[in-house]
Amino acid sequence: MKDLLIANRYAQALVRTIPKEEYDSLLQDVKALQKQFTDLPELGKYLNSRIVDREERKEVVNMLVSGLNHQKKWYNLYVLMEKKHRMTQVEKILFETEKIVLDLQDKKKMTLTLARKHSDSVVKSIVDYVSTTVGKELVIEQEIDPEIIGGFIAKVGSTNIDGSIKSKLSQLEKVTDN
Amino acid sequence: MKIHPDEISSILKKKIDDFKFDVSLDETGQVIEVGDGIALVYGLEKVMAGEMLLFPGDIYGMALNLEEEYVGCILFDESRNIKEGDIVKRTGTILSIPVGEEMLGRIVNPLGQAIDGKGEINTDKRLEIERKALGVVHRQPVSEPLQTGLKAIDSMIPIGRGQRELIIGDRQTGKTAIAIDTIINQKDSGVVCIYVAIGQKKSSVAALVKTLQNHRAMEYTIVVSATAAEPPALQYLAPYAGCTLGEYFRDQGKHALVIYDDLSKHAVSYRELSLLLRRPPGREAYPGDVFYIHSRLLERASKLSDKLGGGSLTALPIIETKADDISAYIPTNVISITDGQIYLSSRLFYSGIRPAINPGLSVSRVGGSAQIKAMKNVVGQLRLDLAQYNELEAFAKFGSDLDRTTLAQLRRGERLIEILKQDQYEPLSVAKQIFSIFMVNNGYLDDVDLSKVKVIERELFQHLDLEHKDLLERLTKESLSDELKEKMHQVCKRVKETSI
């Protein structure tokens, strides 16, 4: 967890090098890079591996960042991380970068967890409710987790809005236990 | 006991009916490091300093360090059950404890939870643990005495209600004994006592509670216990919790006495927390604000103005010194904060003078104005006489021939010291103290053998209890008039005649 603090420092340094008007393009890059980590779960391990030749890894990095809006900066970041043996933290740096940029744009990222897929109108009503509660414009990321049984869990920054059946049942359990 | 299924099901049904399915909104953070009674938490952006935090497993903590990247918290329970990545919730409330009359006679931890096995404390009143000390306009000078029942203190180092008087000395010199005697002496005086045990052995606390119970002193006493086995966070909080309990009674217009036993251990626990929270160490590795933690605690002792009810909170902090060194960091700090100190000397203790109070180094800066008139009249130059005796005693050890006046001074001094000796758990009423000192000051004991001084004193008390209750009563209220003095002389003469 301490990695988050270090990742935050790298992310702040990265964001400082980007002009305000290019924040949207930076966010697009972050999304694309995050997708690579989701699609290839072993990517972090591979890039941090000492068995694989350094030059070979650099070539892979080149491929990964090619076509991005801030290709050179991302390449340099990857190389720096490789040099500092902190390749495993790249994912966290991406997460922190997104958070910092959204903060600067006065927006918040909302991770909305639902038990199953719902219609757009239902999602919109939840987003509207959360947006009014936290008082910020929201960028939504949806997750499906049947374990919450029903309702929703919205996580916006350090605020957690829990309207799930699972947590209500555990609360009820506590009440009846007492 | 018969169990009725209908009753149980109806209770359950009611609970389920009353349960509301609301959306809960929590501000959360994640544990990034945990151990040794502290946790570092990432997130919790809007957390307040001193806010209570809820960790998994219903473990509470308190935010102490608000850093740019993380929040440093102290934990009030074992940190073993908390792990990295655990979610921490804000509670939005500053740490508070239950207060009220219901707390009397109970032993509680610094969170106000009963630990005496007598069940939950049913009170709905709560007060914040960290409260700001009252301002100048809400106070008035100390004017009423707080009798400890100890001759040496009530005569030479009087304590007033609302005063802060430090009890300082090496280990095993009778610091706690003075505190216990003071509590015992508050019986029927209307003073509520709060004893705060910080970093002590559980066996010591148990023994203390037993003593208080034996003297029926627990009826008006609350014991706040944070023993050596508790996390340092609880030891750090204990004196503030005790002070809050005292403030409740003070604000009700009553008088309260709080004893912090001891603040040296409190400083040590705070040093431990501060170093773990990575605060920069200063002198003796204590953090920079170690003075402030004690000054803000002791500043809360006060005598309220009549407009606010005239209640008072007297504080008796205890400090343990090492090798009689009162110039160490924490002792000098607390000496400078308090309104005087009672200095206990191990040399005196082991030479049989108990309470081992060193009158030369002990002082009460404000208590004099709270001393009752008769005591003031009778004490006169007691401190000076003792100081002269101590000087002469050292001189007399050379064995040189001494003149009659010096010998008389030495004889008087020896008897004075003998009279000021007092057994533990035997506090005396102020009137009896006045009589004792009057007797020795007026030379009634000068020709009495040293071993018989205590016998005569006992005779005097018996005589007073049996025949002069009215005189005792008058002494507590009036100043020493010639008529009163004459009566006292008569009593002293009679007691001396009958006992020799």
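Computed from a predicted model, the values in this text were never measured in an experiment.

**Quick notes on the overall build of chain A**
Right, on to step 1. Of regular secondary structure, chain A possesses 8 helices and 4 strands.
Right, on to step 2. Along chain A, helices (α) and strands (β) appear in the sequence α-α-α-α-α-α-β-α-β-β-β-α when read from the amino end.
Right, on to step 3. Taken over the C-alpha atoms alone, chain A extends approximately 60 × 40 × 30 Å along its principal axes.
Right, on to step 4. The burial tally for chain A puts 43% of its 178 residues in the buried class.
Right, on to step 5. Put simply, 65% of the contacts in chain A that link residues at least 6 apart link residues at least 24 apart.
Right, on to step 6. As displayed, chain A offers around 10100 Å² of accessible surface, 52% of which is attributable to carbon and sulfur atoms.
Right, on to step 7. Of the side-chain charges in chain A, 29 are positive and 27 negative, and the distance between the mean point of each set is 6 Å.

**Things to note about the domain arrangement of chain A**
All names here are of chain A.
Right, on to step 1. Domains assigned within chain A are domain 1 (2-103) and domain 2 (106-177).
Right, on to step 2. When each unit is reduced to the centre of its C-alpha atoms, the spacing between domain 1 and domain 2 is 29 Å.
Right, on to step 3. In this assembly, 4 residues from domain 1 lie in contact with 5 residues from domain 2.
Right, on to step 4. For the pair domain 1 and domain 2, the summed buried area comes to about 490 Å², and 44% of that belongs to carbon and sulfur atoms.
Right, on to step 5. Among the residues domain 1 hides against domain 2, the three largest losses belong to Glu98, Leu102 and Asp103. Together they make up 78% of the total.
Right, on to step 6. Counting across the interface, domain 1 meets domain 2 through 2 salt bridges.
Right, on to step 7. As a salt-bridge pair, Lys108 and Asp103 come within 3.6 Å of each other at their nearest N and O atoms.
Right, on to step 8. If you look at where domain 1 meets domain 2, you find 4 residue pairs in polar contact (both at pLDDT 80 or more).
Right, on to step 9. Ranked by residue count, the leading element in the side of domain 1 that touches domain 2 is helix 6 (residues 90-104), at 3 residues.

**Looking at the state of the cysteines**
Right, on to step 1. A full pass over the atoms with the stated rule returns 0 disulfides over all chains.
Right, on to step 2. The cysteine Cys193 of chain B is free of any disulfide, with Cys243 of chain B supplying the nearest cysteine sulfur at 14 Å.

**Observations concerning the packing of helix 15 (residues 469-477) of chain B against helix 16 (residues 482-499) of chain B**
Residues and elements named next belong to chain B.
Right, on to step 1. Closest axis-to-axis distance for the helix 15/helix 16 pair is 12 Å, and the angle between their directions is 135°. Between helix 15 and helix 16, the interaxial angle falls into the category oblique. Crossing of helix 15 over helix 16 shows left-handed handedness. Between helix 15 and helix 16, the residues in contact are Leu471, Arg474 and Leu475 and Glu483, Leu484, Lys487, Met488 and Val491, respectively.
Right, on to step 2. Along the lines of polarity and charge, the residues of the contact of helix 15 with helix 16 split into 5 nonpolar, no polar and 3 charged.

How each quantity is defined
- Within each chain, residue numbers correspond to sequence positions counted from 1 in written order.
- Following the order in which they are written, the chains are lettered starting with A and the ligands numbered starting with 1.
- Under the rules for a predicted model, residues below a pLDDT of 70 receive no local features and side-chain atom pairs below 80 are neither given nor counted, while totals for whole chains, interfaces and linings still include all residues.
- Hydrogens are left out, water is left out, and the side-chain values use all remaining heavy atoms of the structure.
- Strands are runs of DSSP state E lasting at least two residues, helices are runs of H or I lasting at least four, and both sets are numbered from the N terminus onward.
- Categorising residues by exposure relies on relative accessible area from a 1.4 Å probe, with only protein chains included: less than 20% of the type maximum marks a residue as buried, more than 50% marks it as exposed, and the intermediate range marks it as partly exposed.
- Contacts are assigned to residue pairs with any non-hydrogen atoms lying within 4.5 Å of each other.
- Residue burial considers only the protein chains on display, and all accessible areas are found by Shrake-Rupley using a 1.4 Å probe.
- The sign given to each residue is positive for Lys and Arg and negative for Asp and Glu; His and the chain ends receive no count.
- Charge positions come from single atoms, namely NZ of Lys, CZ of Arg, CG of Asp or CD of Glu.
- Either an automatic procedure or a domain database provided the assignment from which the domain bounds are taken.
- Note on definitions: buried area is the accessible-area loss of two parts on being combined, 1.4 Å probe, summed for both.
- By convention in these notes, a salt bridge is any Lys or Arg side-chain nitrogen within 4 Å of a carboxyl oxygen on Asp or Glu.
- Under this definition, polar contacts are N or O atom pairs within 3.5 Å; protein pairs additionally need one hydrogen-donor-capable and one acceptor-capable atom, and for neighbouring residues in sequence, both atoms have to be side-chain atoms.
- By definition, disulfides here are pairs of cysteine sulfur atoms that lie within 2.5 Å.
- Working convention: axes come from line fits to C-alpha atoms, limited for helices to the stretch in contact. Angles between N-to-C directions cover 0 to 180 degrees.
- Should an angle fall under 35 degrees it is called roughly parallel, over 145 degrees roughly antiparallel, and 65 to 115 degrees roughly perpendicular, with every other angle called oblique.
- Handedness of a crossing follows from how the near helix is turned relative to the far one, being left-handed for an anticlockwise turn of less than a right angle and right-handed for a clockwise one.
- For this classification, the nonpolar set comprises Ala, Val, Leu, Ile, Met, Phe, Trp, Tyr, Cys and Pro, the charged set comprises Asp, Glu, Lys and Arg, and every other residue, Gly included, is treated as polar.

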